[in-house]
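# Structure assessment
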Amino acid sequence: MRIDPWATAQFADYGHLLEEFGIERFEGFELPRPHRMLRRGVVFGHRGFGLIYDAIVRGRPFAVLTGLMPSGSMHLGHKMVLDQAIYFHSLGAELFIAVADIEAYATRNVSLEKGRELAIEQYIKSYIALGLPRERCQIYFQSTRRAVKDLAYVLGRRVNFSTMRAIYGMDDSTNMAHMFSPLVQTGDILHVQLKKYGGPRPTLVPVGVDQDPHIRLSRDIASAHRVCNVTVARDGRAGVFVKADEGVDAILDIAESVATSLGFRALSKIPAYRALYIDDATTADIPALDEAMIAEEAKISPHVFFPPSSTYHRFITGLTGEKMSSSRPESAVFLCDPPEGAGAKVMRAKTGGAVSVEEQRRSGGRPEECSVYELLVYHLIESDGELDKVYRSCRRGERL
Ligand code: TRP
């Protein structure tokens, strides 16, 4: 199975995705004032969220970057990444929002001019209405941010066609702009760690799970650019292992002073293995060592990054029962819909109700199958207690 970020399919079995792709379950984090999407399991998975959690707990800098393609109109499904971005900003993140106009051009045939117009009218105005903060926050276009495009080109050096085929199913007929767009997205994700944009720091990318291929690619590319591996080797010894061919001795000296400054003593430097073994370090010490090494490596190389972290949210069901999609306006509530128009769509929505009033009173409704209940869970009811009341009264058949 392959996850296709440009397909229109809906995912049904999220548990299966966790297993097949090694996505971790989002659980065990005690965040301040957790957002309703986190409390209610709408955000179900992550990669590397530990780095972000750690930054939040320690009050250390971190970034959040997400993006949307300006291809149709912004609907409630798109709103979820913005909600998360605004929440993590409230916990201290610096926020970056990409307008993916290059991707829309490459994969949806939306011209850059049209993309700009859609972005401003449909997306950016909505972001502002949702309460996007003024401080520590920027919105940018892929097509006009030079650092993103340059980085895409530089990073492309580490990716070959067989990787693109394996991850995305690209083939001989894939156009080159489309082929390049995942690298532009990797450019989005990693450019916030360039010196000019704040330097290496943990970066969270909240997305729908369809975007996981881009996250995997970005994490692989980030790791390929490291100067060293900081890890517990197969023989069970922790250490810093130099990947570069040149300047090995100097890098090992740096590693040695990093390890010493963190209080480790059982060090043995073996240049022939390009290794600094740290025998008094364990798996639990790796994150601190790695963080300190990233800071040092960044002085040697401009392209050293923390592996980007991600959260994955479930897709909201459309009002018609299928995927919520801009291409089926009756399935979606658009942020720019007039209230009466949105209301009319909701009144026609697929619910979990019984076929008649008598039946509903007798056997109750099925909120699990109700697209209107989902609107409440994802977006419209903040209080868990109030939501629970709605759920119960529906089940008991008190609600019609
Ligand atoms: N590919 C995303 C979409 O289809 C948009 C996007 C572009 C994005 N760059 C990004 C999302 C960076 C997250 C991070 O909507």
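Residues numbered from 1 in each chain as written. Predicted model: local features only at pLDDT ≥ 70, side-chain atom pairs only at ≥ 80, totals over all residues. Heavy atoms only, no water.

## A short note on the environment of Pro61
Heads up, the condition is: The secondary structure listing takes helices from DSSP runs of H or I that are at least 4 residues long and strands from runs of E that are at least 2 residues long, numbered from the N terminus. By definition, residues are in contact when any of their heavy atoms lie within 4.5 Å.
Along the polypeptide, Pro61 turns up in the loop between helix H3 (49-58) and strand E3 (63-68). Considered as a pair, Pro61 and Val209 are 148 residues apart in the sequence and their alpha carbons are 25 Å apart. Discounting chain neighbours no more than four positions away, the residues touching Pro61 are Ala55, Arg201 and Pro202.

## Comments concerning the nonpolar core
Our working rule: In plain words, nonpolar cores are sets of buried Ala, Val, Leu, Ile, Met, Phe, Trp, Tyr and Cys residues tied together by side-chain atoms within 4.5 Å. Only protein chains enter the area calculation, which uses a 1.4 Å probe; residues under 20% of their type maximum are buried, those over 50% are exposed, and those in between are partly exposed.
Leu31, Phe62, Val64, Leu82, Phe88 and Tyr127 are the most contacted members of the largest nonpolar core, which totals 51 residues. Only helix H2 (36-39), H3, E3, helix H4 (76-90), strand E4 (94-99), helix H6 (112-129), helix H15 (371-380) and helix H16 (384-395) provide two or more residues apiece to this core. In contact with Leu82, other than residues within four places in its own chain, are Leu68, Met74, Ile97, Tyr127, Leu130 and Leu132. Listed in part, the 47 residues of the second largest apolar core include Leu18, Phe96, Ala98 and Ile189.

## Things to note about the packing of H4 against H15
When two helices pack together, their arrangement is captured by the angle between the axes and the distance separating the axes. In plain terms, the rule: A fitted line through C-alpha atoms serves as each axis, taken over the contacting stretch for helices, and the angle formed by two N-to-C directions is quoted from 0 to 180°. Each angle is binned into one of four classes, with values under 35 degrees roughly parallel, values over 145 roughly antiparallel, values of 65 to 115 roughly perpendicular, and all other values oblique. Here is the rule for handedness: rotate from the far helix to the near one, and if that takes an anticlockwise turn smaller than a right angle the crossing is left-handed, while a clockwise turn gives right-handed. In the scheme used here, Gly and all other residues not listed as nonpolar or charged are polar, with Ala, Val, Leu, Ile, Met, Phe, Trp, Tyr, Cys and Pro taken as nonpolar and Asp, Glu, Lys and Arg as charged.
One way to put it is that H4 packs onto H15 with a least axis distance of 11 Å and a crossing angle of 25 degrees. If you check the angle between H4 and H15, you find them roughly parallel. Note on packing geometry: the crossing formed by H4 with H15 is left-handed. Every residue of H15 that contacts H4 at Leu76, Lys79, Met80 and Asp83 is listed here: Leu375, Tyr378 and His379. Here the contact of H4 with H15 is composed, by residue class, of four nonpolar, one polar and two charged.

## Here we look at the sheet that holds E4
Note the threshold: By the convention used here, strands pair only if DSSP detects at least 2 bridges between them.
Read across the sheet, seven strands follow the order E1-E2-E11-E6-E3-E4-E5 without closing on themselves; strand pairing throughout is mixed. Edge positions in the sheet fall to strand E1 (24-25) and strand E5 (137-141), since each of these pairs with one other strand and no more. Direction of pairing for E3 relative to strand E6 (residues 203-208): parallel, over a ladder of two bridges. In the strand pairing of E6, Ala63 is matched with Thr203. The strands touched by H4 are strand E2 (43-47), E3, E4, E6 and strand E11 (309-313); relative to E3, the strand with the most contacts, the crossing angle is about 165 degrees. Here H6 sits on the sheet in contact with E3, E4 and E5, set at roughly 165 degrees to E5.

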